[in-house]
Amino acid sequence: MKIRARIAGFSRSAGLIGLGLVVCLAASCSLPGKLTGERYALMIGISEYISPTIQDLGYPKDDAQDLGALLDQSGWNVDSSTLIDTGAIKAKIKTTMETYFKAIPSQATALIYYSGHGSEDGSEAYIVPSDYGGTKTSLISTTELSLWIQDYILPYTSNVIVIIDACYSGGFVPQSDSLDIIDPDYDANFGSSVSSLALTGLGDLGVLLAKNLEQSGKLEPIVMSASGSEELSWESSSLKHGVFTYYLMKAAESGDTNRDDYVSATEAYTYAAKGIDKNWNELYGNSAAFYPHITGGLRDLVLFDLH
Amino acid sequence: MRQNPVAPLLCCVLSLCFAPNGGRLFASPGKGLDVGGGALFSLTSLPQLETGLQPGWNANIGLGFTLLPWNKSKNDNEGGRTENSFSFIGRVQLDIFGLGASAPQSDGNLYRAWQGGGLGMLFGAASPGFRMPLLGLPARLGIEAGGGLRLTKYSGTGLVSAHPAVLGRMTLDMEIGDPLALELFLPFEWAWKSGGQAIIVGLGLSLRVL
């Protein structure tokens, strides 16, 4: 009887411990905790170019400063004054990236935002610094930006978000484990082509499985672009911003789809992409249609903390 | 010597559960089609991140079949159904599923929501038929394991990816009236996705046409 009582007691204890473990696991995994990690954003906005041969833009400076203000309200440490307009020359962008992110705490979240002209040459995409002098070397290519991120940010943190609001900026977005079925020169209603997505995926199943195998699980930067690698990105005098940045900022108000008081980079991307498709692409049609892109991978990062 | 009061009760339940006589028990059909769904959650992890919990759902349609009766039944030659014996079973299933984003970790990292579909093939064993205690319904237990391929899309994006998975399934079939059975199932999936892992478990209910 004693043995049985002990066994019964043990079973009850084990059951309670098991139940406790499950509850603790579920609670620790599912309840959104407060963000304790620090976040640092470097904003680049170039409305005014040094060379008179390059047409100035209307709103990149406002894009960088207004999105910077929104991030600031959301708990980010923001620099939105160093790399603005003619101050954002190529050499200064490089040195500022080097010094700014060197000073951040380990594993803080780092964000680089760029709004301005973009370019491409068929093999690479480029962002156009304010001192662009007509040569390819005075641009910042995808290769260069990747190297700068690798050298100046990744040694300190793997939590990196890159946002580029520029023409052809899809060229900066690696697809990682996925195939991006949104055309780099978007001209169809993405929302209505869900069945074609499945077919595309099935047709490329072998490629997709191979891409999945190649992944090491290393945390890569989350990159989002305003447009595809073969299309223009637009600004609007009625929105007084780049169209993508306008809807990205709106995502801070309305993009929290799962209502957890955090807007992740993917949630913000989705809100901006749908906003552009519904409000811009439908209005202006295929000639001015564009669609944002984002990197693949399992990991996401909080962009706006609404608490 | 004091008699254990639980023993007679246990004997009674066991004899009710595995009674080989007393009428027809669970019919182990040659094949059966089932449609069902349920809730699930994924414990998702990447090497450099903490594990995250992603809640989700699953719906599936499956074709189950009996491969081989373990024991010859006296009813083998009576209508093609094997009763009250262990059997090897198999199953082909088509799933659709969705997983929500995990809650953010303190450093701001979280796991993305994803959705998709997949095809799986499982093999296993089913218990002899027995009567469900209390309900009195003919029932049987099953356990199956196998593999599958998943085609997924990160929710809200155009990013399509694919990954392999080990699949498992524990079932309790209850015959609610010829030819229908209600099946309570515990699905299990171990997926290798994007350099990380997702261990998915859940609970579901399906209706099986025997």
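Residues numbered from 1 in each chain as written. Chains lettered and ligands numbered in written order. Predicted model: local features only at pLDDT ≥ 70, side-chain atom pairs only at ≥ 80, totals over all residues.

Colleague: So, the environment of F244(A): which residues are in play, and what are the values?
Modeller: Residues and elements named next belong to chain A. Residue position: F244 is located in helix α7 (residues 243-254). Placed 28 residues apart in sequence, F244 and A272 show a C-alpha to C-alpha distance of 6.3 Å. Sequence-distant contacts of F244, defined by excluding residues within four places in its chain, comprise D165, A226, S233, A272, I276 and P292. (Helix = DSSP H or I, 4+ residues; strand = E, 2+ residues; numbered from the N terminus. Contact = placed C-beta atoms within 7 Å.)

Colleague: Just give me the short version of the interface of chain B and chain A, but keep the residues and values in it.
Modeller: Counting residues at the interface gives 34 residues for chain B and 50 residues for chain A. Elements with a contribution of two residues or more to the side of chain B that touches chain A: β3 (52-69), β6 (109-111), β9 (138-154) and β10 (159-177) of chain B. Broken down by class, the residue content of the side of chain B that touches chain A amounts to 14 nonpolar, 16 polar and 4 charged. Relative to β10(B), strand β8 (residues 179-180) of chain A runs antiparallel, the two being bridged by 2 bridges. The residue of β10(B) that forms the bridge with L179(A) is V160(B). (Nonpolar A, V, L, I, M, F, W, Y, C, P; charged D, E, K, R; others polar. Pairing = 2+ DSSP bridges.)

Colleague: Got a sec to walk through the environment of K278(A)? Specific residues and values, please.
Modeller: Looking at where K278(A) falls in the secondary structure, it is placed in helix α8 (residues 265-284). On a C-alpha basis, the gap between K278(A) and K92(A) in space is 38 Å, while along the polypeptide they are 186 residues apart.

Colleague: Break down the sheet that holds strand β5 (residues 125-127) of chain A for me, citing the residues and quoting the values.
Modeller: Residue and element names in this part refer to chain A. Read from one edge of the open sheet, 3 strands run β4-β5-β6, paired in antiparallel fashion. The open sheet has two free edges, formed respectively by β4 (118-120) and β6 (140-141), since each of these has just one partner strand. For β5 and β6, the ladder comprises 2 bridges, and the chain directions are antiparallel. When the bridges of β6 are listed, Y126 appears paired with S141.

Colleague: Describe in detail helix α2 (residues 60-73) of chain A, supporting the description with residues and values.
Modeller: Residues and elements named next belong to chain A. The first and last C-alpha atoms of α2 sit 20 Å apart over 14 residues, in line with the 20 Å expected at 1.5 Å per residue. By the burial criterion, the buried members of α2 are P60, K61, D63, A64, L67, G68 and L71. Along α2, the residues classed as buried sweep out an arc of 160° about the axis, all on the same side. Taken from the residues just after α2, G75 is the one with a positive phi, measuring 100°. (Expected span 1.5 Å × (residues − 1). Buried ≥ 20, exposed ≤ 12 C-beta atoms within 10 Å, placed from the backbone. Arc of directions from axis to C-beta.)

Colleague: So, the nonpolar core: which residues are in play, and what are the values?
Modeller: Most often, soluble globular proteins keep nonpolar side chains buried together rather than apart. Ranked by size, the top nonpolar core spans 93 residues in total, and within it I44(A), Y113(A), A268(A) and A272(A) carry the most contacts. Those residues within four positions of I44(A) in sequence are excluded, and the remaining contacts are A64(A), L83(A), A88(A), I93(A), Y113(A) and Y114(A). (Core = buried A, V, L, I, M, F, W, Y, C linked by C-beta atoms within 7 Å.)

Colleague: Give me the lowdown on the sheet that holds β6(B), citing residues and values where you can.
Modeller: The antiparallel open sheet is built from 3 strands, whose spatial order is β12(A)-β14(A)-β6(B). The strands lining the two open edges of the sheet, one partner per strand, are β12 (262-264) of chain A together with β6 of chain B. Strand-to-strand twist of the sheet, defined as the mean angle between neighbouring strand axes without regard to direction, takes the value 50°. (Axes fitted to C-alpha atoms, helices over the stretch in contact; angles between N-to-C directions.)

Colleague: I'd like a description of the confidence of the model for chain B, backed by residues and values.
Modeller: Residue and element names in this part refer to chain B. Averaged over chain B, the pLDDT score is 84; the fraction of residues at 70 or greater is 79%. Within chain B, the lowest mean pLDDT, 45, falls on helix α1 (residues 6-18), and the highest, 97, falls on β6. Contacts from residues 9-23, a stretch scored under 50 in pLDDT, to residues over four places away or in other chains number 10 contacts. Overall, residues 78-82 carries pLDDT values under 50, and its contacts beyond four positions in sequence, including any with other chains, amount to 12 contacts. The ipTM assigned to the predicted complex is 0.87, against a pTM of 0.86. (pLDDT = per-residue confidence, 0-100.)

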